[in-house]
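# Examining the three-dimensional arrangement
Here are the chains, one letter per residue:
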Amino acid sequence: MLALIVDDHALIRDALRGVMGSFGEITAVLEAATAADAEKALAETPGIGLVLLDLALPDRDGLPFLKSIRSDHPGTSVVVLSANEDRTQMSTVLENGAAGYIPKSATREVMRSALKLVFSGGIYVPPEILNRPVVPPAAKPSPSAIQNAAKLGLTERQIDVLQLMMEGRSNKVICRQLDIAEATVKNHVTAILRALGATNRTEAVVAASALGLSLGKVVSRS
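Residues numbered from 1 in each chain as written. Predicted model: local features only at pLDDT ≥ 70, side-chain atom pairs only at ≥ 80, totals over all residues. Heavy atoms only, no water.

### Regarding the environment of A32
- With respect to the helices and strands, A32 occurs in strand β2 (residues 28-32).
- The spacing of A32 and V6 is 26 residues in sequence and 4.8 Å in space, taken between C-alpha atoms.
- Non-local contacts of A32, meaning those with residues more than four positions away in its chain, are made with L4, I5, V6, D7, R13, D37 and A38. (Helix = DSSP H or I, 4+ residues; strand = E, 2+ residues; numbered from the N terminus. Contact = heavy atoms within 4.5 Å.)

### Here we look at the packing of helix α7 (residues 156-166) against helix α9 (residues 182-196)
- Viewed as axis vectors pointing N to C, α7 and α9 meet at an angle of 85°, and their least axial separation amounts to 10 Å. Accordingly, the angle class assigned to the pair α7 and α9 is roughly perpendicular. Here R157, Q158, V161, L162 and M165 of α7 come into contact with α9, specifically with H188, V189, A191, I192 and L196.
- Residue composition of the contact of α7 with α9, by class: 7 nonpolar, 2 polar and 1 charged. (Axes fitted to C-alpha atoms, helices over the stretch in contact; angles between N-to-C directions. Parallel < 35°, antiparallel > 145°, perpendicular 65-115°, else oblique. Nonpolar A, V, L, I, M, F, W, Y, C, P; charged D, E, K, R; others polar.)

### Concerning the nonpolar core
- Ranked by internal contacts, the top residues of the largest apolar core, which has 45 residues, are L4, V6, V51 and L53.
- Ranked by residue count, the leading element in this core is α7, at 6 residues.
- Sequence-distant contacts of L53, that is, excluding residues within four places in its chain, are made with V6, G62, F65, L66, I69, V78, V79, V80 and L81.
- Ranked by size, the runner-up nonpolar core spans 20 residues in total, among them V19, L81, I102 and A114. (Core = buried A, V, L, I, M, F, W, Y, C linked by side-chain atoms within 4.5 Å. Buried < 20%, exposed > 50% of the residue type's maximum accessible area, 1.4 Å probe, protein only.)

Here you go:
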């Protein structure tokens with residue numbers, strides 16, 4: 001897979017290139033300093049599977065450009081990297097098809113873990129979106145949270161699935177971790193979205209936070 005880094009700061013591109021070079025899935029890393037350069041690379045270079053996109057580009061607003069990439073290149077995952085840690089912007093970006101939102105203040109290890117999650121088919125939701133500190137994924141929902149979830153009609157297994165969704169796990173990873181069929185996971189996810197009144201995973205994560213469920217730190221267990 002080819003990766004494309006879109007950022008107008010050369011030092012940041014160099015740093016990101018170093019991170020990307022540590023993944024065996026990435027065969028080559030391309031760079032673009034502007035949206036125009038990125039559009040040209042996407043049009044002329046087949047096989048770009050991942051775009052690391054800075055929203056603050058000199059020639060185009062990042063959000064419309066994200067929408068454009070998702071529309072014109074639906075097979076390409078887009079992960080946003082931004083110095084902006086506003087929760088509303090994070091939610092908007094994820095709702096518009098980004099596979100993740102990584103604040104530029106994140107450590108190298110957090111970035112590696114987030115990208116590894118994206119490579120496995122998951123979506124990285126930063127803990128900052130809930131304005132809560134990162135907690136270990138081993139942390140269990142509190143009894144009151146379980147009671148609240150149960151009142152919504154969620155089964156114990158669906159609560160397990162929801163907790164893993166909040167850690168950003170993909171359906172495939174969830175089915176392996178819980179040792180259930182992927183079709184069963186999809187049914188559970190559908191039931192969870194319906195119970196929480198959500199239309200997508202991002203909305204479900206935000207709604208579930210009100211129940212007291214904790215968003216776990218991204219750690220690959222696959």
